[in-house]
Structure formats: structure tokens, C-alpha cells
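# Inside the fold
Chain by chain, the residues run as shown.
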Amino acid sequence: MNCKLCSALFQEFLDNSLSEELIVEVQNHVRACSKCRVSLRTYTVTVTLSRKVDPPCCVSRETLDRLRKIIRENFSKSRGAVV
Ligand SMILES: [Zn+2]
């Protein structure tokens, strides 16, 4: 697993559409590679935001704050499993 392949798999990784073997490969790489760890985190925020906030321009400040909180909570929960 290299950085290029790892980042190419982020989408499927987040969709849970990878095989168990590849999930382990991505997890191992992200654990060892700080660059991909940051990329995956950024990617997760982007994907989560774009899925939950549609369209973003119509969302109130209050809702955005709530979403940020949810994302932060999800991060701290998933950190043990992913990173
Ligand atoms: Zn990497």
C-alpha cells in the first residue's frame, strides 16, 4: 500500500465498500502514515459535510455548529478504529 493507492481508496473506505483485506490495508497505512491520516480526516469531513448539508447555503449557523459537533464526536469515536 502506498500513499497514492491509499488516497484513491478513501471514497470506498468511507462507503464501506472495500473488501475486508483492503480495509485492513488502508487502516494500517493510515496508522503508519501521518500524511494520509490527515488526508483521510479532511476527506471524511468533506464527505460528511457534503452529505449532511445540502445545500450548504441554506443552512443556518446554528445547524452548522450542531453538525460540527456531530462530526467532532464521530471523529473521537472512530479514531480508535481507523487511526
Ligand atoms: Zn501515506
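The rules behind the values
Residues numbered from 1 in each chain as written. Predicted model: local features only at pLDDT ≥ 70, side-chain atom pairs only at ≥ 80, totals over all residues. Helix = DSSP H or I, 4+ residues; strand = E, 2+ residues; numbered from the N terminus. Buried ≥ 20, exposed ≤ 12 C-beta atoms within 10 Å, placed from the backbone. Contact = placed C-beta atoms within 7 Å. UniProt positions renumbered as here; feature names shortened; annotations may be inferred. Core = buried A, V, L, I, M, F, W, Y, C linked by C-beta atoms within 7 Å. pLDDT = per-residue confidence, 0-100.

Under an unreviewed UniProt entry, the name given to the protein is Putative zinc-finger domain-containing protein, and the organism recorded is anaerobic digester metagenome.

### Remarks on the overall build of the protein
Along the backbone of the protein there are five helices and zero strands. Ordering the α and β elements of the protein from the N terminus gives α-α-α-α-α. By residue count, 8% of the 83 residues in the protein fall in the buried class. Summarising the internal contacts of the protein: among those between residues at least 6 apart in sequence, 53% fall at separations of at least 24.

### A closer look at the UniProt feature "domain: Putative zinc-finger" (unreviewed entry) in the protein
Under the local residue numbering, the UniProt record ascribes the feature "domain: Putative zinc-finger" (unreviewed entry) to residues 3–37. End C-alpha atoms of residues 3–37 are separated by 10 Å, and the span's content is 80% helix alongside 0% strand.

### Some points on unusual backbone geometry
We note that Asn-16 has phi near 60 degrees; this positive angle belongs to a residue other than glycine. Along the chain, Asn-16 turns up in the loop between helix H2 (10–14) and helix H3 (20–32). Taking the number of C-beta atoms within 10 Å as the measure of exposure, Asn-16 has 7 and is therefore exposed.

### Some remarks on the nonpolar core
Counting residues in hydrophobic clusters, the biggest one holds seven residues: Cys-6, Phe-10, Phe-13, Val-26, Val-30, Cys-36 and Leu-40. Only H2, H3 and helix H4 (34–52) provide two or more residues apiece to this core.

### Looking at the environment of Lys-35
Tracing the backbone shows Lys-35 in helix H4. For Lys-35, a count of 11 C-beta atoms within 10 Å puts it in the exposed group. Put simply, Lys-35 and Cys-3 are 32 residues apart on the chain and 8.2 Å apart in space, counted from C-alpha to C-alpha.

### Looking at the confidence of the model for the protein
Taken as a whole, the protein shows an average pLDDT of 82; of its residues, 82% reach a score of 70 or greater. Ranking the elements of the protein by mean pLDDT puts helix H5 (residues 61–82) last, at 74, and H3 first, at 94.

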